[in-house]
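Examination of the molecular architecture
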Amino acid sequence: MIVIPKWFAGFSLCFLLACDAEVSQPEFVEEPGEPVDLSSYFITPTLCSDSEGPTCASLRLGDTHLTTTSPAQGKLFACVAGNAGAPGSDPARITWIDWAAGTWNLLAKPFLPAGSFSPQSGSVSVSEIGGIRSITVNNLPVDGKIGDWPMTQYAMLSAIDRNPGVPAATNVTFNIPISPVVSVTPSCTSLGAIGVTLNGVVLYNAVDARGNDAVAHEIVDEFGGHPAMSAYHYHYLPERLDSAPMSDGHSGLVGYIRDGFGLYGYDGEGGVELTNADLDECHGHDHSPLGYHYHATIEYPYTIGCYRGDPESAFFSSASAFEDKVSNIPQEVKTEPARAFLRGMIAHHQQALDMVALVRRSTYGRDIREIAVRMQIAQAEEIKLMQSWLNGDVILDGDVEAVSGDQDRLMPGMLSEERMAKLRAAQGEDFDRLFLQSMIEHHEGAIEMVRVFLERFGSLGDTIVLDWFLDHIKAEQGIEVARMSRILARLQ
Ligand SMILES: [Zn+2]
Ligand SMILES: [Zn+2]
């Protein structure tokens, strides 16, 4: 059963019911009793032809190895479990997974072949300024190796996996720390981008939108990627990218993960192919001269199991970097649930700005003024961005009602008129304390709104930027909550 929070009340019926999972019949129907011969689409990676590393014919199926509670070796520590209703491949037509044994056979899985599809060429540029490594890619492979998309040209393949996407260029910038630090606690990975490869293509974690093992379930091209609409991405490391080992045989650097640590290829020290057993719960290890780094394996979770460093510290390193990243990419949020969510979030942010506006005349604390300035910039930027995605759509009466109506209908963390009045009347340290308490609650409310929305719908839309935006809100507000809690502790 789905629990609908009260603040969702008033949104359209489609928001409450499962209107998002469009189910339609594949066009390809095999003759009754005639087995489908997929063998012309099989590939044999070099990784699978030696005795080192995991056995490609019976790889562990990752479906039951996702955890949302705590990181563990061989598992994917994910922030959300996925949405069972999301589009994906048809399990009834998958012949290469042994469901009973919980394994899958990479050598008996079809891959979309190369063909005439040729999008524009890939690009990648890396610059280093002030402790930040800025990597800009257009999300197409620099080596030009990509399958013959769209897959709908291959009836046997699209019968299994309906993915109609066609990869296209999208500029994306990753701002990551040059000297990342190992965190006390590892962080969960979200759906969508977890890093970027040096050949210009974004990396996703091991799972599809349903939370299943994407490498086992989804059909990718023989070069290792597939599109989510137009956003091409890898869920594992294409073997050809692991082609420049270091002098002792250890794989070379193939990309960067969002927390700033490097991703290396399949081989560890001495050139020996690695398995999960050689790596920690985040899928990395620490040895000289590299320090902490991640490795790819040909078994789930393929790239990383969690973030060892802080994935958010520098990703959107400043409001301006964030703006740069999105300003050139026009977006429109299309689905009604996502639009309703944005309208609600704008109203929510607007109240934060109202609270911040009280700071100038009320507070004596310098810490609070600094918080206020930062919040004003960040929240105003985000409001501008969300408004542009709504493309002229205005806040509806229903949304405003949800903001100003009775307590029950307030969105999480929003202040009632009564509490707002109290804040307005407070002075000095009383104001500071009340402001921090209210603002912490307000921010936690926004995080809760994001959590509930993500759990239900996965993302705001099909593009990488929309995919990232909710992560960004969650991360930024989480950092502010921690900051405000420290100041509040000093005041009490
Ligand atoms: Zn995917
Ligand atoms: Zn290593």
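Residues numbered from 1 in each chain as written. Chains lettered and ligands numbered in written order. Predicted model: local features only at pLDDT ≥ 70, side-chain atom pairs only at ≥ 80, totals over all residues.

Right, let's talk about the overall build of the chain for a bit. Within the chain one finds 10 helices and 16 strands. Sequence-distant contacts in the chain: of pairs separated by 6 or more residues, those separated by 24 or more amount to 73%. (Helix = DSSP H or I, 4+ residues; strand = E, 2+ residues; numbered from the N terminus. Contact = placed C-beta atoms within 7 Å.)

In this section: the sheet that holds strand E10 (residues 202-204). Strand order in the open sheet made by the 8 strands is E11-E12-E10-E9-E13-E14-E16-E15, with mixed pairing throughout. The open sheet has two free edges, formed respectively by strand E11 (225-228) and strand E15 (284-287), since each of these has just one partner strand. Ignoring strand direction, the axes of neighbouring strands in this sheet form an average angle of 40°. Here 2 bridges tie strand E14 (residues 262-264) to strand E16 (residues 291-295), and the two strands are oriented parallel to one another. The residue bridging Tyr264 from the neighbouring strand is His295, located in E16. (Pairing = 2+ DSSP bridges. Axes fitted to C-alpha atoms, helices over the stretch in contact; angles between N-to-C directions.)

With that settled, the discussion passes to the packing of helix H8 (residues 417-425) against helix H9 (residues 428-457). Between H8 and H9, the shortest axis-to-axis distance is 9 Å and the interhelical angle comes to 150°. The crossing of H8 and H9 is left-handed. Contact residues: H8 offers Arg419, Lys422 and Leu423, while H9 offers Leu434, Phe435 and Ser438. Residues that form the contact of H8 with H9 fall into these classes: 3 nonpolar, 1 polar and 2 charged. (Left-handed = near helix turned anticlockwise from the far one by under 90°. Nonpolar A, V, L, I, M, F, W, Y, C, P; charged D, E, K, R; others polar.)

With 79 residues, the main nonpolar core has Ile257 and Leu342 as its most contacted residues. Grouped together as the second largest cluster of nonpolar side chains are 16 residues, Val359, Phe431, Phe435 and Ile440 included. (Core = buried A, V, L, I, M, F, W, Y, C linked by C-beta atoms within 7 Å. Buried ≥ 20, exposed ≤ 12 C-beta atoms within 10 Å, placed from the backbone.)

What the 3 strands build is an open sheet, ordered E6-E7-E8; its pairing is antiparallel. Because the sheet does not close on itself, it has two edges, and the strands there are strand E6 (124-129) and strand E8 (172-177). On average, adjacent strands in this sheet sit at an angle of 20° to one another, irrespective of strand direction. Two strands pair when backbone bridges link them, and strand E7 (residues 132-137) and E8 are joined in this way by 6 bridges, in the antiparallel orientation. The partner of Arg133 across the bridge, within E8, is Ile176.

The next point concerns the confidence of the model for the chain. Averaged over the chain, the pLDDT score is 83; the fraction of residues at 70 or greater is 84%. Low pLDDT (under 50) marks residues 1-32, which in the prediction has 38 contacts with non-local residues, meaning those over four places away or in another chain. Note that residues 314-328 has pLDDT below 50 and, in this model, 25 contacts with residues that lie over four places away or in other chains. (pLDDT = per-residue confidence, 0-100.)

This next bit is on the pairing of strand E9 (residues 193-197). Remember that side chains alternate between the two faces of the sheet whenever the strand is regular. By the criterion of burial, E9 is predominantly enclosed, with 5 of the 5 residues buried. Here E9 runs beside E10; their pairing, made up of 3 bridges, is antiparallel. Within the sheet, the bridge partner assigned to Ala193 lies in E10 and is Tyr204. Between E9 and E10, which pair antiparallel one after the other, the connecting turn spans 4 residues, and Gly200 there sits at a positive phi close to 95°. Two elements, E9 and strand E13 (residues 253-257), share 3 bridges in a ladder whose sense is antiparallel.

Moving on to the environment of Glu441. Position of Glu441 among the secondary structure elements: in helix H9. Exposure remark for Glu441: the 15 C-beta atoms within 10 Å place this residue in the partly exposed category.

The next point concerns the environment of Asp278. Here Asp278 is to be found in the loop between E14 and E15. Setting aside residues up to four positions removed in sequence, Asp278 forms contacts with Gly268 and His285.

Peptide bonds are mostly trans, and most non-glycine residues show a negative phi. Note that the residue after Trp149, namely Pro150, is joined by a cis bond; omega there is 0°. Locating Pro150 in the fold gives a position in the loop between E7 and helix H2 (155-160). Here Tyr300 and Pro301 are connected by a cis peptide whose omega angle stands at 10°. Along the chain, Pro301 turns up in the loop between E16 and helix H4 (319-327). The backbone of His283 sits at a positive phi, close to 80°, despite the residue not being glycine. With respect to the helices and strands, the residue His283 is situated in the loop between E14 and E15. With 28 C-beta atoms packed within 10 Å, His283 lands in the buried category. One non-glycine residue with positive phi stands out, namely Tyr302, at about 65°. With respect to the secondary-structure elements, Tyr302 resides in the loop between E16 and H4. Overall, Tyr302 belongs to the buried group, with 26 C-beta atoms counted inside 10 Å.

The next point concerns the pairing of E13. Burial of E13 is extensive: 4 of the 5 residues sit out of reach of the surface. Bridge count for E13 against E14 is 3 bridges, and the pairing is antiparallel. In the sheet register, Leu253 faces E14, and the bridge partner there is Tyr264. Hairpin geometry of E13 and E14 is characterised by an intervening segment of 4 residues between the two adjacent antiparallel strands and by a positive phi of about 105° at Gly260.

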